[in-house]
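Each chain, written out:
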Amino acid sequence: MEYANNILETIGNTPLVKLNRLTSELPCLVLAKYETFNPGNSVKDRMALQMVEDAEASGLLKAGGTIIEGTSGNTGMGLALAAVVKGYRMICVISDKQSKEKIDILKAVGSEVHVCPTDVAPDDPRSYYSTARRLATEIPNSWYVNQYDNPSNTKAHFLSTGPEIWKQTDGKVTHFVVGVGTGGTISGVGGYLKEQNPNVKVWGVDTYGSVFKKYHETGIFDENEIYPYVTEGIGEDILPENVNFELIDGFTKVTDKDAAVYTQRLAKEEGMFLGNSAGAAIKGLLQLKEHFSKDDVVVVLFHDHGSRYVGKMFNDDWMRDKGYIE
Ligand code: PMP
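The model shown is predicted, which means the values in this text are computed figures rather than measured ones.

1. Quick word on the overall build of the protein
Inference 1: Across its full length, the protein holds 10 helices and 10 strands.
Inference 2: Relative to the globule expectation of 20 Å for 326 residues, the C-alpha radius of gyration of the protein, 19 Å, shows essentially globular dimensions.
Inference 3: With respect to the principal axes defined by its C-alpha atoms, the protein has extents near 55 × 50 × 40 Å.
Inference 4: Every one of the 326 residues in the protein was classed for burial, and the buried ones make up 48%.

2. A few points about helix 3 (residues 100-108)
Quick reminder: α-helices carry 3.6 residues per turn. Residues three or four places apart thus point the same way.
Inference 1: Of all the residues in helix 3, the buried ones are K102, I105 and L106. End-on, the buried residues of helix 3 take up no more than an arc of 100°, which puts them together on one face. Counted as exposed and oriented over 90 degrees from the buried face of helix 3: K100, D104, K107 and A108.
Inference 2: Tucked into the core, helix 3 has its buried residues touching helix 2 (74-86), strand 4 (89-95) and strand 5 (112-116).
Inference 3: Phi turns positive, to about 85°, at G110, one or two residues after helix 3.

3. Describing the pairing of strand 7 (residues 175-179)
Inference 1: Judged by how many residues are buried, strand 7 sits mostly within the fold: five of five residues are covered.
Inference 2: Here strand 7 shows no split at all, with H175, V177 and G179 on one side and F176 and V178 on the other all buried.
Inference 3: Across five bridges, the pairing between strand 7 and strand 8 (residues 201-207) is parallel. Its bridge partner being in strand 8, F176 is matched across the sheet by V202.
Inference 4: This β-α-β element, strand 7 to helix 6 (residues 184-196) to strand 8, shows right-handed connectivity.
Inference 5: Across three bridges, the pairing between strand 7 and strand 10 (residues 297-302) is parallel.

4. Some points on the domain arrangement of the protein
Inference 1: Looking at the assigned domains, one finds that the protein contains domain 1 (7-37 + 154-322) and domain 2 (43-144).
Inference 2: A separation of 23 Å is found between the C-alpha centroids of domain 1 and domain 2.
Inference 3: Across the boundary between the two partners, domain 1 contributes 26 residues, which contact 21 residues of domain 2.
Inference 4: Elements with a contribution of two residues or more to the side of domain 1 that touches domain 2: helix 5 (151-168) and helix 6.
Inference 5: The element that contributes the greatest number of residues to the side of domain 1 that touches domain 2 is helix 5, accounting for five residues.

5. Focus: the site of the ligand
Inference 1: For the ligand, the set of nearby residues contains 17 residues, the closest of which are G181, T182, T185, G233 and S277.
Inference 2: Of all the elements, helix 6 adds the most residues to the shell around the ligand, at three residues.
Inference 3: Domain assignment of the residues forming the shell around the ligand places at least three in each of domain 1 (7-37 + 154-322) and domain 2 (43-144).

6. Focus on the environment of A55
Inference 1: Tracing the sequence through the fold places A55 in helix 1 (residues 44-58).
Inference 2: The class of A55 is partly exposed, set by 19 C-beta atoms lying within 10 Å.
Inference 3: With 88 residues separating them in the primary sequence, A55 and W143 have C-alpha atoms 8.4 Å apart.
Inference 4: The residues touching A55, leaving out its near neighbours within four places in the chain, are L60, L61 and W143.

7. Some details on the confidence of the model for the protein
Inference 1: Confidence in the prediction for the protein averages 96 pLDDT; 100% of positions are at 70 or higher.
Inference 2: On the interface metric, ipTM, the complex scores 0.99, and its pTM is 0.95.

8. Topic: the sheet that holds strand 8
Inference 1: Within the open sheet, the six strands sit side by side as 1-2-10-7-8-9. Their pairing is mixed. Bordering the open sheet on either side are strand 1 (16-18) and strand 9 (250-254), each of which pairs with just one other strand. Sheet twist, expressed as the mean angle between neighbouring strand axes with direction ignored, is 25°.
Inference 2: The pairing of strand 8 with strand 9 spans five bridges and is parallel. By the bridge assignment, G204 is partnered in strand 9 with F251.
Inference 3: Those strands touched by helix 6 are strand 7, strand 8 and strand 10, and its axis lies near 170° from that of strand 7.

9. Points about the nonpolar core
Inference 1: Of all hydrophobic cores here, the largest spans 47 residues; its most connected members are F176, V177, V178, A281 and V300.
Inference 2: Aside from chain neighbours lying at most four places away, what touches A281 is V177, V178, G179, V205, V300, L301 and F302.
Inference 3: Of all hydrophobic cores here, the second largest spans 31 residues; its members include L61, L81, A83 and I105.

10. Focus: the pairing of strand 8
Inference 1: Within strand 8, seven of the seven residues are buried, which leaves the element mostly enclosed by the surrounding structure.
Inference 2: Covered by surrounding structure in strand 8 are K201, W203, V205 and T207 together with V202, G204 and D206, the residues of both alternating faces.

Procedures and definitions
Residues numbered from 1 in each chain as written. Predicted model: local features only at pLDDT ≥ 70, side-chain atom pairs only at ≥ 80, totals over all residues. Helix = DSSP H or I, 4+ residues; strand = E, 2+ residues; numbered from the N terminus. Rg over C-alpha atoms; globule rule 2.2 N^0.38 Å. Buried ≥ 20, exposed ≤ 12 C-beta atoms within 10 Å, placed from the backbone. Arc of directions from axis to C-beta. Contact = placed C-beta atoms within 7 Å. Pairing = 2+ DSSP bridges. Right-handed = clockwise from strand over helix to strand, strands pointing away. Domains from an automatic or database assignment. Near = placed C-beta within 6 Å. pLDDT = per-residue confidence, 0-100. Axes fitted to C-alpha atoms, helices over the stretch in contact; angles between N-to-C directions. Core = buried A, V, L, I, M, F, W, Y, C linked by C-beta atoms within 7 Å.

Structural data, given as structure tokens:
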């Protein structure tokens, strides 16, 4: 018999899938690391499990404990799966711009959910960063995960996602392109790939309304770069410790409209029913066209599944209301 002992053992070892139509104008091979095959339907299962197991090992998370995290949904899902299997209480603190589906899904896997306003500064007591921190001081035997600054986030991708991509491309990967939020994915995968071959180029995809690109180019944390945006999962108004700017070769910014339109196009033209950051990632990759040549092997990572966006990017009324389609 061949089986996993619990759902957590099925995390990782996701397929690498060639893109055909959307990338036809590019001279190179483009492969997608297809992370929706994880049990929580996103790449974040990997880092969630790593963070929980490292916290158990270091004694931060004890039997009967409560896991608390500020999460846009996918990390919460991964943490919730780990909490169910390992027997912890799970509280997710989420911002009100996230889709209702994401909140309902978290509740479905046993998580408690606190919803906080999006348009307040990170240090405002109402922000989801502040609320998560406050709950962690109020609830006994609780552990605040802090995926932004928790080194186990990057470590998960250094130990699993990066090595998988290296092996699946037979060491031929030349470029890695990925959306950046906490930075765990880009820093872990990018760090591993550059350790194998320092010539691998690592590109981050950023949003308009986020600080990353300007900071990378100038070293200036420019508050004028910060304003509300629609794209989910990527871009930040803070500099998470998990973003290792030194190993990133550059950022490209994708508009909310393009991210939404390309999320639809991935589904309709490649049969890839994916989340909004996948649309941003593939559009960002297309914007980098002049950096790629014939023998290159470009890997793009797609973080999460389309089912979480059926009320938004996959709803034409919503798309029309936003002015993204005619
Ligand atoms: N896309 C989605 C849908 C996500 O949930 C996240 C995590 N915030 C990202 C991209 C960015 O990944 P990372 O946090 O590893 O930079």
